[in-house]
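Descriptive analysis of the structure
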Amino acid sequence: MYELHLHLDGSLRPSTVLQLAQLQSDVDPKINAENIARRLTVPDSCTSLTAYLDCFSLPLQLLQTEEALERAVYELAEDLFHEGLTYAELRFAPAPLTHQGLSQKAVTIAAVQGARKAMQKYPDIRIGLILCCMRGKNLKKENTETIKTAAMLRGDIVCGIDLAGAEAIFPTADYADLFRLAASLDIPFTIHAGEAAGPDSIRTALSFGAKRIGHGVRAIEDPSLIEELIKKGTTLEVCLKSNFDTHCFASEKEHPIRRLFDAGVKVTLNSDNRTVSGTCLANEIRIAKEMFGFTDTEIMQMQEYAREAAFNPIVRP
Ligand SMILES: [Zn+2]
């Protein structure tokens, strides 16, 4: 099984977060074994992507050391192996993990180390790492460094670039320079678009040269954009439970995954954030089958789309 869209900071084991919090004196002392899962998982009252993103503040505070980063990547890879995955691309933004003095390069090397250790222990799973640039005010310097770090460390593990964060507030069009740089360095990239923001954000991402779109589900609002996605063979990294959590559509039933797939768009299933959304690839597959009537053959087709779109080549077993 393959998965392309999975955030490290949204997929930490609650028990690990608790242990890391206990090691850091400046972290909220009210955190304990009873309330830790609640702190990391999106509440039912969540109504937007911005509220959803609040669940990441504690993990980001804790992933500031090489030990914590290496451990987090190792454990996530281990969890994915036990779920039956053979290839997964994990993503994180290195810039917000430098608040205790690490460089983006050191952050990324620690993550690579965690991936390497996991692959040594579990040779049946391959891990790729995608470095996320962040939407936000005055982040050009940090984002440029993220691209350069990816270029420097690109290899069998570091494999691509992403743009994450509040897309309804900071439009994709503001990041043209950044992706011009990524394209000039020949780093493949995906961009979060068409989730909180509409079809224009997807169009802009395509004009930058994005091979894949994170979510991209609001393409359904624009038939000519659907045609463009099909023509270009762009892959959508769809995350059902996460879209339900952020109320991307008026109701869960209105989610367009079935219509996009039937139209011929290369749709893939992903969990986005295992802990924040309380999901995993198996659960996404279950939702796709039970709520949208996907057959085993169609699920396998989506897996094939994921295999084709992986930033590191996947060798069929
Ligand atoms: Zn995402």
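As a reminder, the structure under discussion sits directly above these lines.
Structural notes, computed from the coordinates. (Residues numbered from 1 in each chain as written. Predicted model: local features only at pLDDT ≥ 70, side-chain atom pairs only at ≥ 80, totals over all residues. Heavy atoms only, no water.)

Here the focus is the overall build of the chain. Scanning the chain from terminus to terminus reveals 14 helices and eight strands. Reported as C-alpha extents along the three principal axes, the dimensions of the chain are approximately 55 × 45 × 40 Å. Put simply, the chain has 317 residues, and 58% of those count as buried. Partitioning the contacts of the chain with sequence separation of at least 6, the portion at a separation of at least 24 is 73%. (Helix = DSSP H or I, 4+ residues; strand = E, 2+ residues; numbered from the N terminus. Buried < 20%, exposed > 50% of the residue type's maximum accessible area, 1.4 Å probe, protein only. Contact = heavy atoms within 4.5 Å.)

Geometry of a packed helix pair, given as the angle between the helix axes and the separation of the axes. Close contact between helix α9 (residues 199-208) and helix α10 (residues 223-232) brings their axes to 11 Å; oriented N to C, the two are set at 30 degrees. In this view, α9 runs roughly parallel relative to α10, as classed from their interaxial angle. Crossing handedness for the pair α9 and α10: left-handed. Only Ser224, Leu225, Glu228, Leu229 and Lys232 of α10 make contact with α9, whose side of the interface consists of Pro199, Ile202, Arg203 and Leu206. (Axes fitted to C-alpha atoms, helices over the stretch in contact; angles between N-to-C directions. Parallel < 35°, antiparallel > 145°, perpendicular 65-115°, else oblique. Left-handed = near helix turned anticlockwise from the far one by under 90°.)

An α-helix turns once per 3.6 residues; consequently, residues spaced three or four apart project the same way. The terminal C-alpha atoms of helix α13 (residues 281-292), which comprises 12 residues, lie 16 Å apart, in line with the 16 Å expected from a rise of 1.5 Å per residue. Along α13, the residues that are buried comprise Leu281, Asn283, Glu284, Ile285, Ile287, Ala288 and Phe292. Against the buried residues of α13 lie β1 (2-7), α5 (66-83), α11 (240-245), α12 (257-263), β8 (266-269) and α14 (296-309). (Expected span 1.5 Å × (residues − 1).)

For histidine 7, the location among the structural elements is in strand β1. Taking the relative accessible area as the measure of exposure, histidine 7 reaches 9% and is therefore buried. Contacts of histidine 7, omitting those with residues within four sequence positions, involve Arg91, Asp162, Ala164, His192, Asp272 and Asn273.

Scanning the entire structure with this criterion turns up 24 salt bridges. One salt bridge connects arginine 180 with aspartate 177, and the closest N-O pair in it is separated by 3.0 Å. Of this pair, arginine 180 and aspartate 177 both sit in helix α8 (residues 176-184), three residues apart, roughly one helical turn. Residue class for arginine 180 comes out exposed when judged on its relative accessible area of 55%. The salt bridge partner of glutamate 228 is arginine 203, with a shortest N-O separation of 3.1 Å. One end of the pair, glutamate 228, is in helix α10; the other, arginine 203, is in helix α9, with 25 residues separating them in the sequence. Its relative accessible area of 27% is what places arginine 203 among the partly exposed residues. When salt bridges that share partners are traced, they join Arg13, Arg71, Glu75, Glu78 and Asp79 into one network. (Salt bridge = Lys/Arg side-chain N within 4 Å of Asp/Glu carboxyl O.)

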